[in-house]
Amino acid sequence: MIRQASNEDAQTAAQLARLLWPHHALTEFIEEMTLHTSTENSAIFLAYQGLEAVGFAQCQLRTDYVEGTDSSPVGYLEGLFVKEAYRRYGFAKQLVAKCEQWAKLKGCIEFASDCELQNLESLAVHQKLGFTEANRIICFTKSL
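Residues numbered from 1 in each chain as written. Predicted model: local features only at pLDDT ≥ 70, side-chain atom pairs only at ≥ 80, totals over all residues. Heavy atoms only, no water.

1. Thoughts on the state of the cysteines
(1) Moving on: Inspection of every chain in the model, using the stated rule, returns zero disulfides.
(2) Moving on: There is no disulfide at C108, and the cysteine sulfur nearest it, in C59, is 9.3 Å away. (Disulfide = S-S within 2.5 Å.)

Here you go:
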């Protein structure tokens, strides 16, 4: 079962997000997930197997330029995670479909995402979910 998260689900979503991005604190994620569940320009969807939350997708509207798109706003997949034991059962596909439906309801005609160049697993998942690679970039910084 897939459902949109509410404020009451912020901790559940945060625990799943921490599995995807372990270098962040749980309290930081709880605050972030609470924000995403309480604003109209972002959404969190949770996947359940029985009573267990097994995955999440975070999406939002982006109004700045999104690489490879021609419209604004663009629905954007910010995060996608399914617990390893529940992968290959279609949860990621269902989560992304809910994000896409949400974006369409928000007036979007395009949906986008990204992953790091070295993250071949994420690249494969994106391709399997129907995304087309738009571009590859390398970002630079320097201290001033």
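2. Re the side chain of Q58
(1) Moving on: Following the sequence through the fold, Q58 ends up in strand β3 (residues 52-62).
(2) Moving on: For Q58, the side chain forms a polar contact with the side chain of H36, separated by 2.9 Å.
(3) Moving on: Dropping the residues within four chain positions of it, Q58 is found in contact with W21, E32, M33, H36, A43, I44, Y76, L77, E78 and G79. (Helix = DSSP H or I, 4+ residues; strand = E, 2+ residues; numbered from the N terminus. Polar contact = N/O pair within 3.5 Å; in protein donor to acceptor, adjacent residues only side chain to side chain. Contact = heavy atoms within 4.5 Å.)

3. Considerations on the side chain of S71
(1) Moving on: For S71, the location among the structural elements is in the loop between β3 and β4 (74-82).
(2) Moving on: S71 gets classed as buried once you look at its relative accessible area, which sits at 18%. (Buried < 20%, exposed > 50% of the residue type's maximum accessible area, 1.4 Å probe, protein only.)

4. A word on the pattern of salt bridges
Two side chains with opposite charge may pair up if their charged atoms get near one another.
(1) Moving on: A complete count under the given rule lists five salt bridges for this structure.
(2) Moving on: Across the salt bridge formed by K83 and E52, the nearest N and O atoms sit 3.0 Å from each other. With a gap of 31 residues between them, K83 in the loop between β4 and α3 (91-105) and E52 in strand β3 connect regions that are remote in the sequence.
(3) Moving on: Classification of E52 as partly exposed rests on a relative accessible area of 32%.
(4) Moving on: E78 is the salt-bridge partner of R62, the closest N and O atoms lying 2.9 Å from each other. A residue pair is termed long-range when its members are at least 10 positions apart, and R62 in strand β3 and E78 in strand β4 qualify at 16 residues.
(5) Moving on: Residue classification places E78 among the partly exposed residues on the basis of a relative accessible area of 23%. (Salt bridge = Lys/Arg side-chain N within 4 Å of Asp/Glu carboxyl O.)

5. Some points on the packing of aromatic side chains
(1) Moving on: Taken as a whole, this structure holds four aromatic pairs when the rule is applied.
(2) Moving on: Arranged with centres 6.1 Å apart and planes meeting at 35 degrees, the rings of F111 and F131 form a pair that is tilted. With F111 in strand β5 (residues 111-112) and F131 in the segment after α4 (120-128), this residue pair connects regions lying 20 residues apart in the sequence.
(3) Moving on: A relative accessible area of 16% places F131 in the buried class.
(4) Moving on: An aromatic cluster of at least three residues, connected via ring pairs, comprises W21, F29 and F56. (Phe/Tyr/Trp six-rings, centres within 6.5 Å; stacked < 30°, edge-to-face > 60°.)

6. Quick notes on the nonpolar core
(1) Moving on: Of all hydrophobic cores here, the largest spans 21 residues; its most connected members are F45, L77, L80, L95, C99, W102 and F111.
(2) Moving on: At the level of elements, β2 (42-49), β3, β4 and α3 are the ones that each hand at least two residues to this core.
(3) Moving on: Core analysis: the next-biggest nonpolar cluster, separate from the first, contains 14 residues, A14, M33, L46 and A53 among them. (Core = buried A, V, L, I, M, F, W, Y, C linked by side-chain atoms within 4.5 Å.)

7. Looking at the sheet that holds β5
(1) Moving on: Strands sit in the order β1-β2-β3-β4-β5 across an open sheet of five strands; the sheet is mixed. The sheet is open, and its two edges are formed by β1 (2-4) and β5, each paired on a single side.
(2) Moving on: Strand direction decides the pairing type here: β1 and β2, joined by three bridges, are antiparallel. Looking across to β2, one finds that R3 is bridged to L46.
(3) Moving on: The strands that helix α1 (residues 10-20) touches are β2, β3 and β4; relative to β3, the one it contacts most, it runs at about 85 degrees.
(4) Moving on: Contacting β1, β2, β3, β4 and β5, α3 crosses the sheet at an angle of about 150 degrees to β2. (Pairing = 2+ DSSP bridges. Axes fitted to C-alpha atoms, helices over the stretch in contact; angles between N-to-C directions.)

Read these as spatial facts, not as claims about activity.
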